[in-house]
Amino acid sequence: MKNALLAGLALAIAGFANTAVAETEWDMSVVWPEGNFHTKNAIKFAETVKTVTNGEVAITVHSGGALGIKGPEGMTAVRDGIVPVADILMSQQVGEAPVLGVETLPYLAPTMPDLALLHKFFRPKIEEVATSMNQKLLYMVPWPGQAVYAPKPIEKIEDISGLKIRVVDANGHNFFHALGALPVQMPWGEVVPSLAAGTINGVTTSSSSGVDGAFWEFMKNMSTFNWQASSNIVTVNLDAWNALSPENQAAIEQASKKLEGEFWLVSRAEDETKLATLKEKGIAVASPSPELKAALIERAKPLWDDFLKRVPDAAPYVEAYLKARN
């Protein structure tokens, strides 16, 4: 009996020793709804972090803006330690660092290969900005191409005139203003209520967000302009990061790098899946004609020069990218 009790106690102790208790618990802010692919990415990231740190770092993902942090507040919230880690739409952080608006310049990097090339030159600057704001960049993932949702088909630039369209940032505002629209800059959380209230009657966003917002309830047309690149970044507060052991830091960095590549593939597949869903729900999906696309690019390029005059520290990265692309 005594030997049996001792054996049982030894097994219990061994089991306890092999079950790591989280030494670090982080809340992660995500403004996108639970079904969005960025949210799913964040959940996979959290699960991976738990695995590679042997359970010593546990991340709880709070989707749908549950922590009360709006999109444009993302980097500030991480900087100030309101949350230790967050998934952030980079283009909405231009109020803190205007240079972060580079990738959303219209038709600068309209495809994923273009964007990957731009990031080759631009990423060190993003990391520099993150460090200056007391945080570390872990990974970044693009959205599918930005489309235009509208009540009527868009076959020529004149069809955009007067459209009250939601845009994400100043670059989008300037572009659609140049096209004759009436752009309104707003974060994602305000989009569907604004459509319902009639404050806006058009939206520029991805196929993914079009499904998230059930846009077929408000509009019947989508044109795949692919006019703007847009990426999310996941950053962690430097104080929280520096509190980790070197082993856990190395494990999370390695996992982040691996996951980033996987998440880019998820984004590409996401576009195909969500375009199919939009069509099933009655949205007419069309691509701009070569003539319309040429006209759009003609209106876009002068905005590059305007941006670089306002944000001169962006010029070296844009110039290096354009030289490599051409």
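Model, not experiment: these values are computed from the prediction.

**Some remarks on the sheet that holds strand β7 (residues 184–185)**
Within a beta sheet, neighbouring strands are joined by backbone hydrogen bonds and run either parallel or antiparallel to one another.
Point 1. Here we have six strands laid out as an open sheet, ordered β7-β6-β8-β5-β9-β11, and mixed in their pairing. At either end of the open sheet lies a strand with only one pairing partner, and these are β7 and β11 (284–286).
Point 2. In this structure, strand β5 (residues 147–150) lies alongside strand β9 (residues 221–223), joined through three bridges in antiparallel fashion. Looking across to β9, one finds that Tyr-149 is bridged to Met-222.
Point 3. Its contacts with the sheet place helix α5 (residues 170–178) against β5, β6 (165–167), β7 and β8 (202–205), and it is angled at close to 145 degrees to β6.

**Observations concerning the nonpolar core**
Point 1. Judged by nonpolar contacts, the single largest core of 44 residues is most densely connected at Trp-26, Met-28, Phe-45, Ile-59 and Tyr-139.
Point 2. Discounting residues that sit within four places of it in the chain, Ile-59 has contacts with Trp-26, Met-28, Phe-45, Ala-46, Val-49 and Val-85.
Point 3. Val-83, Val-99, Leu-105 and Leu-118 belong to the second largest nonpolar core, which has 38 residues in total.

**Description of the confidence of the model for the chain**
Point 1. For the chain, the average pLDDT comes to 93, and 94% of its residues sit at 70 or higher.
Point 2. Segment residues 1–19: pLDDT under 50, and zero contacts once partners within four positions in sequence are set aside and those in other chains are kept.

**Quick look at empty space enclosed by the protein**
Point 1. Under the counting rule described, the total for this entry stands at two cavities of 30 Å³ or more.
Point 2. Within this model, the largest cavity holds a volume of roughly 90 Å³.
Point 3. Along its surface, the largest cavity is lined by Trp-32, Leu-89, Trp-143, Gln-146, Arg-166, Val-168, Trp-188, Thr-205, Ser-206, Ser-209 and Ser-230.
Point 4. Reported here for the second largest cavity is a volume of approximately 70 Å³.
Point 5. Along its surface, the second largest cavity is lined by Ser-29, Val-31, Trp-32, Ile-69, Lys-70, Gly-71, Gly-74, Ala-86, Asp-87, Ile-88, Leu-89 and Gln-92.
Point 6. Considering every element that reaches the lining of the second largest cavity, the biggest residue donor is strand β3 (residues 85–89), with four residues.
Point 7. Taken together, the residues that form the lining of the second largest cavity break down as six nonpolar, four polar and two charged.

**Quick word on the sheet that holds β3**
Point 1. In spatial order, the strands read β2-β1-β3-β10-β4; together these five strands make up an open sheet with mixed pairing. At either margin of the open sheet sits one strand with a lone partner, and together these are β2 (57–62) and β4 (135–142). Each adjacent strand pair in this sheet contributes to an overall mean axis angle of 20 degrees, direction not counted.
Point 2. Summarising the sheet, strand β1 (residues 24–29) and β3 pair through two bridges and their orientation is parallel. By the bridge assignment for β3, Met-28 is matched with Val-85.
Point 3. Sheet strands touched by helix α4 (residues 112–132): β4 and β10 (231–237). Its angle to β4, the strand with the most contacts, is close to 165 degrees.
Point 4. In the packing of helix α9 (residues 246–280) onto the sheet, contacts are made with β2 and β4, and the angle to β4 comes to roughly 20 degrees.

Rules used in this analysis
Residues numbered from 1 in each chain as written. Predicted model: local features only at pLDDT ≥ 70, side-chain atom pairs only at ≥ 80, totals over all residues. Heavy atoms only, no water. Pairing = 2+ DSSP bridges. Helix = DSSP H or I, 4+ residues; strand = E, 2+ residues; numbered from the N terminus. Contact = heavy atoms within 4.5 Å. Axes fitted to C-alpha atoms, helices over the stretch in contact; angles between N-to-C directions. Core = buried A, V, L, I, M, F, W, Y, C linked by side-chain atoms within 4.5 Å. Buried < 20%, exposed > 50% of the residue type's maximum accessible area, 1.4 Å probe, protein only. pLDDT = per-residue confidence, 0-100. 1 Å grid on protein atoms, 1.4 Å probe; cavity = no way out; pocket = protein on both sides within 12 Å on 5 of 7 lines; lining within 4 Å. Points joined across faces, edges and corners; volume = space filled by probe spheres on them. Nonpolar A, V, L, I, M, F, W, Y, C, P; charged D, E, K, R; others polar.

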